[in-house]
Amino acid sequence: MRLLSQTLCLCLALALSQAAPSRYDLMMADHYVNHHHPLLKDDHAHHGAKLDRCEGIEFDAITPDEKGNVFFFKGDHLWKGYSGPAELANTYFKELDEHHHLGHVDAAFRMHYADDPTHHDHIFFFLDDHVFSYYNHILEEGYPKKIQEVFPGIPDHLDAAVECPKGECSVDSVIFFKENKVYHYDIATKTVKEKVWSHLPNCTSAYRWLERHYCFHGHNFTRFHPITGTVVGVYPKDARNYFMRCADHGHGHGDSDKERCKDAKLDAITSDEEGKMYAFSGKVYTRLDTHRDGWHAFSIASVWKEVESDVDAVFSYDQKMYLIKGDQVYIYKSAVHYTLIEGYPKSLKEELGIEGPVNAAFVCGHQPTVHIIKGSNMLDVDLSATPRRVLVESPLPFSKIDASMCGPTGLKVFVGSEYYEFGSPVLMSSSRIRPSPHKIPLEILGCGH
Ligand SMILES: *[C@@H]1O[C@H](CO)[C@@H](O)[C@H](O)[C@H]1NC(C)=O
Ligand SMILES: *[C@@H]1O[C@H](CO)[C@@H](O)[C@H](O)[C@H]1NC(C)=O
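Every value quoted in this text rests on a predicted model; they were computed, and no experiment measured them. (Residues numbered from 1 in each chain as written. Chains lettered and ligands numbered in written order. Predicted model: local features only at pLDDT ≥ 70, side-chain atom pairs only at ≥ 80, totals over all residues. Heavy atoms only, no water.)

**Q** Can you help me understand the overall build of the chain in this one?
**A** The number of helices and strands found in the chain is 8 helices and 34 strands. A burial count over the chain gives 52% of its 449 residues as buried. Long-range pairs, those at least 24 residues apart, make up 46% of the contacts in the chain with a sequence separation of at least 6. (Helix = DSSP H or I, 4+ residues; strand = E, 2+ residues; numbered from the N terminus. Buried < 20%, exposed > 50% of the residue type's maximum accessible area, 1.4 Å probe, protein only. Contact = heavy atoms within 4.5 Å.)

Shown next, in the form of structure tokens:
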């Protein structure tokens, strides 16, 4: 449960760090343009201004960094995140330009290799026959090196590369692409399996996002199975509808999304046994796997189709997710896919011994107690006893709570656009004064990228 605690403490703070480039980042970019390339200033500024990813760009490389910021590379420029202007790549990765006059990056990936902290979460860049390893945007000592030295058996002048952690590939691996050839590289043994996936377009960049693997080609992308290369679903799709924010393109980010985000609030929030967090708002849920990946929004119906939207409360217990809507409880088995357990939904009365509707719910750690918030009261129900009944009922210092969740750092209670923190459920119910509120990061609501 280490992961759980780490993720929970980090969640809110890190959600903030997922935003598009900050003013500081942009200042740094200006600094570079003005001071490091005095002669090239106009040239670079114009070149950068001309690069508009909404016009449809074929990226050279795409990779997240160790904090989950994703970088899209084209020529000597990059974009950070899904919105914002092109910036010089050497603003973030200085030495790429110093060692090579940076024409472009051939390929890049972030390594997943938890067994070896000296490589885990490092970003590797490939330029011609050289490889650069970065952590925290600092070039590792001894780099750049020859690709052959670090990744024996992998060719020079690559097209694309992407991480493939154990579980998605059979062992922690990297998938390299060159022309129509694919190289599965086993990180531990340094063995290479070469394949030809002729059904897949030649990828110019590749990206892993929430356990899914994407090949980018032109301004399109195609999702593929990382072991077999199989393409399932309707592809290619236009990257501008998914991996960036463009005015004329959109997939849940158009006007209806703006409308939703105007006064969005959370309906419900929980974290599962693995520490993945799920926040529900209207028809949308956002998911935070780890701080490496940031929050991402999807439709509720795509995962919990029986519930579809407007969840009142959610909690996770014993490898299951309980979604409460109206006076019904839907229990899903948590696995790669959520499956509704047979016989559900059932009424709240039958399942938990209370009358709906309710506002929020949470379980702390492995305790077999669910705390249900209904109006300004908290009802504690013992999940280990049958039939279920309310053990304790306590008044709360809130008239209405939208959502709540509990973790090792305590309890978070979400009301409107703010949230409050308490050390424990008892501390909340016994508190006479509210602690000072925090703003809910917009990323949790799937807004504000
Ligand atoms: C992919 O690469 C192969 C090998 O270089 C080449 O023959 C083929 O034309 C390429 N396909 C596309 C669509 O560019
Ligand atoms: C992108 O995909 C669309 C189909 O979704 C296809 O019509 C178009 O030709 C593709 N464009 C490129 C540049 O690959």
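Having seen it, we continue.
**Q** Explain the state of the cysteines to me, please; I cannot follow it from the model alone.
**A** Throughout this description, disulfide means a covalent bond between two cysteine sulfur atoms. By the definition in use, this model includes 4 disulfides. Disulfide pairing places C54 opposite C246 at an S-S distance of 2.1 Å. Across the S-S bond of C54 and C246 the torsion is about -90 degrees, and the bridge reads as left-handed. Taken together, the residues span a long stretch of sequence, with C54 in the loop between helix 3 (41-50) and strand 1 (61-64) and C246 in the loop between strand 17 (237-238) and helix 6 (255-262) at a distance of 192 residues. (Disulfide = S-S within 2.5 Å.)

**Q** Help me out: how do you make sense of the pattern of salt bridges in this one?
**A** Evaluated as defined, the whole model comprises 15 salt bridges. Note that E163 is salt-bridged to R110, the shortest N-O span being 3.4 Å. Linking E163 in strand 10 (residues 160-164) with R110 in strand 5 (residues 107-110), this pair joins segments that are 53 residues apart in sequence. Summarising the burial analysis for this pair, E163 and R110 share the class buried. (Salt bridge = Lys/Arg side-chain N within 4 Å of Asp/Glu carboxyl O.)

**Q** Got a minute to help me understand the packing of aromatic side chains in this structure?
**A** Any two aromatic rings considered together are summarised by their centre-to-centre distance and by the angle between their planes. Summed over the entire model, instances satisfying the criterion amount to 45 aromatic pairs. Judged by centre distance (6.4 Å) and plane angle (65 degrees), the rings of F177 and W197 are edge-to-face. In this pair, F177 is assigned in strand 11 (residues 173-178) and W197 in the loop between strand 13 (191-196) and strand 14 (205-209), connecting sequence segments 20 residues apart. The same class applies to F177 and to W197, which are both buried. With a centroid separation of 4.4 Å and 20 degrees between ring planes, the pair formed by F315 and Y322 is classed as stacked. In terms of burial, F315 and Y322 fall into one category: buried. An aromatic cluster of three or more residues is present, and its members are F59, F72, W79, Y82, Y207, W209, Y214, F216, F221, Y235, Y242 and F243. Above the face of the Y143 ring, K145 is positioned so that its terminal group lies 4.6 Å from the ring centre. Seen from the ring of Y235, K237 lies directly overhead, with NZ or CZ sitting 4.1 Å from the centre. (Phe/Tyr/Trp six-rings, centres within 6.5 Å; stacked < 30°, edge-to-face > 60°. Lys NZ or Arg CZ within 6 Å of the ring centre and 35° of its normal.)

**Q** I would appreciate a short explanation of the UniProt feature "glycosylation site" (unreviewed entry) in the chain in the present structure.
**A** The UniProt entry lists N202 under the feature "glycosylation site" (unreviewed entry), expressed in the numbering used here. Here N202 shows up in the loop between strand 13 and strand 14. (UniProt positions renumbered as here; feature names shortened; annotations may be inferred.)

**Q** Explain the sheet that holds strand 13 to me, please; I cannot follow it from the model alone.
**A** Strand pairing in a sheet takes place through backbone hydrogen bonds and is either antiparallel or parallel in direction. Read from one edge of the open sheet, 4 strands run 10-11-12-13, paired in antiparallel fashion. Strand pairing shows two members of the sheet lacking a second neighbour, strand 10 and strand 13, which therefore form its edges. Across this sheet, the average inter-strand angle for adjacent strands is 20 degrees, counted without regard to direction. In the sheet, strand 10 pairs with strand 11 via 5 bridges, with the strands oriented antiparallel. Along strand 11, the bridge assignment pairs E163 with V174. (Pairing = 2+ DSSP bridges. Axes fitted to C-alpha atoms, helices over the stretch in contact; angles between N-to-C directions.)

**Q** What is the right way to look at the sheet that holds strand 20 (residues 284-288) in this model?
**A** Read across the open sheet, the 4 strands follow the order 18-19-20-21; overall the sheet is antiparallel. Strands at the two margins of the open sheet, each flanked by one partner only, are strand 18 (268-271) and strand 21 (295-299). For this sheet, the mean angle separating the axes of adjacent strands, direction not counted, is 20 degrees. Strand direction decides the pairing type here: strand 19 (residues 277-281) and strand 20, joined by 5 bridges, are antiparallel. Within strand 20, the position partnered with Y278 by the bridge is R287.

**Q** What exactly am I supposed to notice about the site of ligand 1 here?
**A** For ligand 1, the full set of nearby residues is E179, N180 and N202. Measuring from an oxygen atom of ligand 1, one finds a side-chain N or O atom of N202 at 2.4 Å. Taken by itself ligand 1 offers 360 Å² of open surface, and the protein chains cover 33% of this. (Near = heavy atom within 4 Å. Polar contact = N/O pair within 3.5 Å; in protein donor to acceptor, adjacent residues only side chain to side chain. Areas by Shrake-Rupley, 256 points an atom, 1.4 Å probe, with all protein chains shown as cover.)

**Q** Mind showing me how you'd approach the side chain of H213 here?
**A** Secondary-structure assignment places H213 in strand 15 (residues 212-217). When neighbours within four sequence positions are excluded, H213 is seen to be in contact with V162, E163, C164, E168, Y207, R208, T222, R223, F224 and P226.

**Q** Just to check I follow, could you spell out the pairing of strand 18 for this structure?
**A** On a regular strand, one side chain projects to one face of the sheet and the next to the other, so that they alternate. Burial of strand 18 is two-sided: the residues A268 and T270 facing one way and the residues I269 and S271 facing the other way are all buried. The hairpin formed by strand 18 and strand 19 contains 5 residues between the paired strands, and G275 there has a positive phi angle of roughly 90 degrees.

**Q** Explanation requested: the nonpolar core in the structure shown.
**A** Nonpolar side chains tend to gather and get buried jointly when the protein is soluble and globular. Among the nonpolar cores identified, the biggest contains 36 residues, and F93, F125, F126, F151 and F176 are the most heavily contacted of them. Only strand 2 (70-74), strand 5, strand 6 (123-127), strand 7 (130-135), helix 5 (147-150), strand 11 and strand 12 (181-186) provide two or more residues apiece to this core. Looking at which element gives the most residues to this core, the answer is strand 6, with 5 residues. Those residues in contact with F93, other than ones at most four positions away along the chain, are F71, F73, L78, I123, F125, Y134 and H137. (Core = buried A, V, L, I, M, F, W, Y, C linked by side-chain atoms within 4.5 Å.)

**Q** Could you clarify how one ought to interpret the environment of D106 in this entry?
**A** Position of D106 among the secondary structure elements: in the loop between helix 4 (95-99) and strand 5. Residue classification places D106 among the buried positions, given a relative accessible area of 8%. With 53 residues separating them in the primary sequence, D106 and D159 have C-alpha atoms 5.5 Å apart. Residue contacts for D106: discarding those within four places in its chain leaves D60, F126, L127, D128, H157, L158, D159, A160 and T204. Within the structure, D106 has its side chain in polar contact with the side chain of H104 (distance 3.0 Å).

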